[in-house]
Amino acid sequence: MREPTRRGADATTAAVAAVFALPLLLLVPRALADVWRAPAVLPQQWGLRGVEAAFAPGAEAGTAVLNSTLVALGTTAVALALAWPAGRALVRLPARRRAVWFVLLLAPLLVPTYATGTGLVAWLLRLGLADTLVGIGAAHLVQVLPYVLLALLPAFGRDLDALEEAARVGGASRLRALAVVVAPAAAPVVATAALLGFVVSWSQVATSLAVGGGLPMLPVVALPFARSDPQVAAVLDLVLLVPPLVVLGLRSRWSARLGG
Amino acid sequence: MMAREPGGRPPDAPADAARGLRELLPLLPATTVLAVLFGGAVTGALSRTDAATWRAALGDPRFWPALGFTLRVTVLATVLSAVLAVGLAALVRRRPRAAAVVGVPVLVPHLVAATVAAAWLGPGGLADRLLGDLAVELVRDRAGVGIVLVTTWKEAPFLTLLVLTAWDEGVRRREEAAATLGAGRWDRFRHAAWPAVRTPLAVGSLVVGAFVLGSFEVPLVVGPTSPPMLATLALQQTRVASLEGTAVAAVTLLVATALALLPAVAAARWARRADA
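Scoring rules and cut-offs
Residues numbered from 1 in each chain as written. Chains lettered and ligands numbered in written order. Predicted model: local features only at pLDDT ≥ 70, side-chain atom pairs only at ≥ 80, totals over all residues. Heavy atoms only, no water. Contact = heavy atoms within 4.5 Å. Buried area = accessible area lost by both parts, 1.4 Å probe. Salt bridge = Lys/Arg side-chain N within 4 Å of Asp/Glu carboxyl O. Helix = DSSP H or I, 4+ residues; strand = E, 2+ residues; numbered from the N terminus. Expected span 1.5 Å × (residues − 1). Buried < 20%, exposed > 50% of the residue type's maximum accessible area, 1.4 Å probe, protein only. Arc of directions from axis to C-beta. Axes fitted to C-alpha atoms, helices over the stretch in contact; angles between N-to-C directions. Parallel < 35°, antiparallel > 145°, perpendicular 65-115°, else oblique. Left-handed = near helix turned anticlockwise from the far one by under 90°. Nonpolar A, V, L, I, M, F, W, Y, C, P; charged D, E, K, R; others polar. Patch = residues over 30% accessible without salt bridge, like charges linked within 9 Å, V, L, I, M, F, W, Y side chains within 5 Å. Areas by Shrake-Rupley, 256 points an atom, 1.4 Å probe, with all protein chains shown as cover.

(A) Looking closely at the interface of chain B and chain A. Every contact between the two is made by 77 residues of chain B and, on the other side, 73 residues of chain A. Each partner contributes to the roughly 7000 Å² buried at the junction of chain B and chain A, and carbon and sulfur atoms together form 75% of this total. Ranking the residues of chain B by area buried against chain A places L34, L107 and R129 of chain B at the top, with a combined share of 11%. At the boundary of chain B with chain A, the tally comes to zero salt bridges.

As structure tokens, this is what we get:
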């Protein structure tokens, strides 16, 4: 079979980028265009009105960024703590039983997020957790945990078990083996899973809207601007893109280091 | 509900049961948390509904158009994403840099994707200005083209990554072997690659289909006001200032949930039968 030529590869990358990455760049001029009336292709006036309106005192975006960050961090931490033992146990099960557990643990991904959110409200109200960050985190966990579990699975397997056993045979306690041998070996996959979990929580709209009461969460605050004020929407969208861009940046650095 | 091992217990049950339990113990925290939250969500929704709310929900003049619209958009976006994913995977599988770029939309929040689409393709959007006048309505159109476009832009890359994971070195070697035997491009794909990628593609498509069925922010930004998707209809229903509104919305969402789970249940049964 023919290997792709250099020029062919470049053309493919350019074509793919034109469809899947470059359109996002429109957010930058859109965020900085104070006046951009049709049919002009370039803005009539550049400025920071969007930033000022989004982050004005009394506007919710600042609090929303903080809330979204806290919830995403908390949810991801809990998801990792739950998914780590579950994932290790899962890969040791015989294939058939593994499949059954797999389906059970991934089933929440099939349910509409707004349904999960509105369904949980009654319980969260009873527990006094409605309209709190903890309540929002709990609702996010339904989505975050399955994704984190899926992302963790590549870390587990015979290699990791063998490493742990070697450490134990060498006299390390269970905890020490985990800290010194197992965790560092699994670190890249754990980091990937954590970043994915963060982004999944960070992007939630429907669940936050359903259980959050009026608590400002970034995508919920950004949502109405998408129709009412495209400039403010673009500013908030750029903030929303920060964690995904960090993930992409780290991923390309890691794959460069691995020579991939 | 706990999964029980199919086929019953072997003869030396006690020792095996103890080992089985030890094996399953680490799975319990995650499963319990999901079961409580997920089960809580479903029972929470069910507890709000009774015969009267079901009648009210199914009698809502917006319900049936929303259901039809949701199913149409879901099938269209899912099929389009799956077909595109195979094509994209074939295109980028030996080009790691292009593959990395295809992965970009996977991490982009749906809300951002929808807003960007509106800025490009909406009335007065940049495409409109560059081309003079877009001949077709792509955003907030009644046919739901905007929702299909945004969803496909987000989900085709997700499925592409799944397909690429399965289209590995082993498959490549089989393709090469087939090529030396004189197999053409289509035959190589059909006999070497397709058997390897179809399962992850099918499982991924189930997840994508379920996601589109419940999609919320995408139709709110680029969808028509009427007909709504099921999830956005539920939002409209909760905005009625009465408790009945949330109960009717619960019914709408239960219908959406059932529709999302149905293909997965069918697929699981089918896989079991194929297995046996």
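Still more ground to cover, so stick around.
(B) Quick peek at helix 10 (residues 169–180) of chain B. Residues and elements named next belong to chain B. Helix length check: helix 10 (twelve residues) gives 17 Å between terminal C-alpha atoms against 16 Å at 1.5 Å per residue, within 8%. All of the buried residues along helix 10 are V171, R172, E175 and A178. Summarising the axial view, the buried residues of helix 10 lie within an arc of 120°, below the 170-degree limit, and thus occupy one face. The outward face of helix 10, more than 90 degrees from its buried face, is lined by the exposed residues R173 and T180. A positive phi of about 95° marks G182, the residue just after helix 10.

(C) Structural detail: the environment of R19 of chain B. Its place among the elements puts R19 of chain B in helix 1 (residues 13–24). Between the alpha carbons of R19 of chain B and G146 of chain B there is a distance of 53 Å; along the sequence they are 127 residues apart.

(D) Spotlight on the packing of helix 7 (residues 110–121) of chain B against helix 9 (residues 145–166) of chain B. Residue and element names in this part refer to chain B. Contact geometry of helix 7 with helix 9 gives a least axis separation of 10 Å together with a crossing angle of 130°. Here helix 7 is positioned oblique relative to helix 9, judged by the angle of their axes. By crossing handedness, the relation of helix 7 to helix 9 is classed as right-handed. Across the interface between the two elements, H110, A113, A114, A117 and L121 from helix 7 touch L149, V150, W153, K154 and E155 from helix 9. A class-by-class count of the residues in the contact of helix 7 with helix 9 yields seven nonpolar, one polar and two charged.

(E) Quick look at unusual backbone geometry. Following A38 of chain A, the chain continues into P39 of chain A via a peptide bond in cis, with omega recorded as 5°. Among the structural elements, P39 of chain A can be located in the loop between strand 1 (33–35) and strand 2 (45–46). In this structure, P227 of chain B follows S226 of chain B across a cis peptide bond, with omega equal to 0°. Locating P227 of chain B in the fold gives a position in the loop between helix 12 (217–222) and helix 13 (230–238). Positioned with a positive phi, D131 of chain A is a non-glycine residue whose angle comes to about 60°.

(F) Broad picture of a nonpolar patch on the surface. Residue and element names in this part refer to chain A. A cluster of nonpolar side chains, contributed by V28, L32, W46, L48, V51 and F55, occupies part of the molecular surface with about 510 Å² of accessible area. Tracing the sequence through the fold places L48 in the loop between strand 2 and helix 3 (49–54). A residue is classified by how much of its surface remains accessible, and L48, at 48% relative accessible area, is partly exposed.

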